[in-house]
Amino acid sequence: MKRSILFIAGLLCANLSLVAQNLILEDGKRWYFQTTDAVSLESSTMIYLLDGDTVIDGRTYFVEKGTSFEDYTTARPTGQLYREEDGKVYVYNTSFGKEDLLFDLTLQPGESYLYVNRERMDTIKMTLMEIEISQSSKLPAPQRCWNFRAAHIRDGECWEGYRAFILEGIGCSQFGLGPLHYGVVGGAIGISCCYDGENNLIYGRGEEYCYRNTLSIDEVKDEAGGLKVTESAGGRLTFAWNAGAGYRTLSLYSAEGRLVARQRPAAGETSAAFTGLPRGTYIYFFTAGGETKASGKVLVE
């Protein structure tokens, strides 16, 4: 009898831990959100991450931060806070001082909930169509996916025609944590990558596809760093800088914004080189102390 009671108690504890486990939110998790213009085909990337928490009205929320720089330590609060409870994800907008239901993953097919996007003054009726197992090539393993039909509510009428796929551990396959907004016309919008709180890639084709930024790449000069960039035969690109620059990361991208290579100079190093580069234009970023210290474009012939 005692062994049976312990066994039942163990099952109850296991079930409670499954209920308490967050399906999506986790401190340190980050999403790479990419947009591509339909005409110019230029791309830009925003990185959103959950960093720390705060308490409002007795409820604990993860703090969302965002940045357009690859070094995500430059991120600043977006004004959106998130919490997860019993299979539901809530978003709190600090500008409006309101909490809204973002995802409801407790529904059965045919059931609905309303999501209010306060930034766009929009209400969306989310109706669950089915719960399936996604085997997307961007996932390291098959994952549960909630397939919703999204309908705008305008003047009391529903305007159908959109789908939302909520992946366990990821959020919306197009908007991450959102906010959800449908009816966007022109270009491509979507998350390219998602990392969990332990820095594991849990969504995306690979690190080189996560960050892409070809919009308004301005040269950032670091006079104190004395950065010099030299291109030579054989596709060799050499960087040299002053000892006091303190650069910690050098990232090299193609003109399309795809990561080509990355180096992390050790303390005291004053040079770095890439070889065997194909002819073309490249974009480089140097970071230190959580900030972009130098950046620009260079042509390799």
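The numbers attached to residues start from 1 for each chain and follow its sequence in the written order. Totals for whole chains, interfaces and linings use every residue, but because this is a predicted model, local features are given only for residues with pLDDT of at least 70 and side-chain atom pairs only at 80 or more, for both listing and counting. In computing side-chain properties, one takes all heavy atoms of the structure into account and sets aside hydrogens as well as water.

Caption draft 1: Just the pattern of salt bridges, in detail. Any carboxyl oxygen of Asp or Glu within 4 Å of a side-chain nitrogen of Lys or Arg constitutes a salt bridge here. In this structure the tally under the stated criterion is seven salt bridges. Close ionic contact of R83 with E85 constitutes a salt bridge, the shortest N to O distance being 2.6 Å. Only protein chains enter the area calculation, which uses a 1.4 Å probe; residues under 20% of their type maximum are buried, those over 50% are exposed, and those in between are partly exposed. By relative accessible area, R83 is classed as buried at 9%. In this structure, a network of salt bridges that share partners links the residues R59, R83, E85 and E99.

Caption draft 2: Structural view of the sheet that holds strand β19 (residues 280-288). An order of β17-β16-β19-β20 is seen for the four strands of this open sheet, with the pairing classed as antiparallel. In this open sheet, the two strands that pair with only one neighbour each are β17 (259-263) and β20 (291-300). Geometrically, the sheet is characterised by an average inter-axis angle of 15° between neighbouring strands, direction not taken into account. Note on pairing: DSSP must find at least two bridges between two strands before they are called paired. Helix and strand definitions here come from DSSP, where helices need a minimum of 4 consecutive H or I residues and strands a minimum of 2 consecutive E residues; each element is numbered from the N-terminal end. For helices, the fitted axis covers only the stretch in contact; all axes are lines through C-alpha atoms, and the angles between them, taken along N-to-C directions, range from 0 to 180 degrees.

Caption draft 3: How the structure looks around the side chain of K65. Mapped onto the elements, K65 comes out in strand β3 (residues 59-67). A 3.5 Å cut-off defines polar contacts: any pair of N or O atoms within that distance qualifies, except that in protein one atom must be a possible hydrogen donor and the other a possible acceptor, and neighbouring residues in sequence count only when both atoms are side-chain atoms. Polar contacts involving the side chain of K65 include one to the side chain of D51, which spans 3.0 Å. If we ignore the near neighbours within four places in the chain, the residues touching K65 are I47, Y48, L49, D51, A75, R76, P77 and T78. Contact definition: two residues touch when any of their heavy atoms are within 4.5 Å.

Caption draft 4: Expanded view of the state of the cysteines. Two cysteine sulfur atoms form a disulfide, by the criterion used here, when they sit within 2.5 Å. Applying the stated criterion to the full structure yields one disulfide. Shown here is the disulfide that connects C193 with C210, its sulfur atoms set 2.1 Å apart. One disulfide, between C193 and C210, carries an S-S torsion of -90° and so falls in the left-handed class. You can see C193 sitting in strand β12 (residues 188-195) and its partner C210 sitting in the loop between β13 (201-203) and β14 (228-232), a full 17 residues away along the chain. The same class applies to C193 and to C210, which are both buried. Free cysteine C145: the closest other cysteine sulfur is in C172, separated by 9.3 Å. Looking at the unpaired C194, the closest cysteine sulfur is the one in C193, lying at 8.8 Å.

Caption draft 5: Focus on empty space enclosed by the protein. Residues are said to line a cavity or pocket when one of their atoms sits within 4 Å of a point; the points come from a 1 Å grid over protein atoms alone, cavities being sets where a 1.4 Å probe fits but cannot get out and pockets being open sets with protein on both sides within 12 Å along at least five of seven lines. Grid points are joined across faces, edges and corners, and a volume is the space filled by probe spheres set on the points. Scanning the model with the defined rule gives one cavity of 30 Å³ or more in all. Considered as a void within the structure, the largest cavity measures approximately 60 Å³ in volume. In terms of lining residues, the largest cavity is bounded by eleven residues, among which Q80, V91, N93, Y115 and R118 are the most central. When residues of the lining of the largest cavity are traced back to their parent elements, those giving at least two are β5 (88-93) and β7 (112-117). Gly is placed with the polar residues, together with every amino acid not listed as nonpolar (Ala, Val, Leu, Ile, Met, Phe, Trp, Tyr, Cys and Pro) or charged (Asp, Glu, Lys and Arg). Split into classes, the residues belonging to the lining of the largest cavity amount to five nonpolar, three polar and three charged.

Caption draft 6: Local environment of the sheet that holds strand β15 (residues 236-240). Strand order in the open sheet formed by three strands is β14-β15-β18, and the pairing between neighbours is antiparallel. Both edges of this open sheet fall to β14 and β18 (271-274), since each of them pairs with a single strand only. Across the sheet, the mean angle separating the axes of adjacent strands is 15° when strand polarity is ignored. The pairing of β15 with β18 spans four bridges and is antiparallel. In the strand pairing of β18, T238 is matched with A273.

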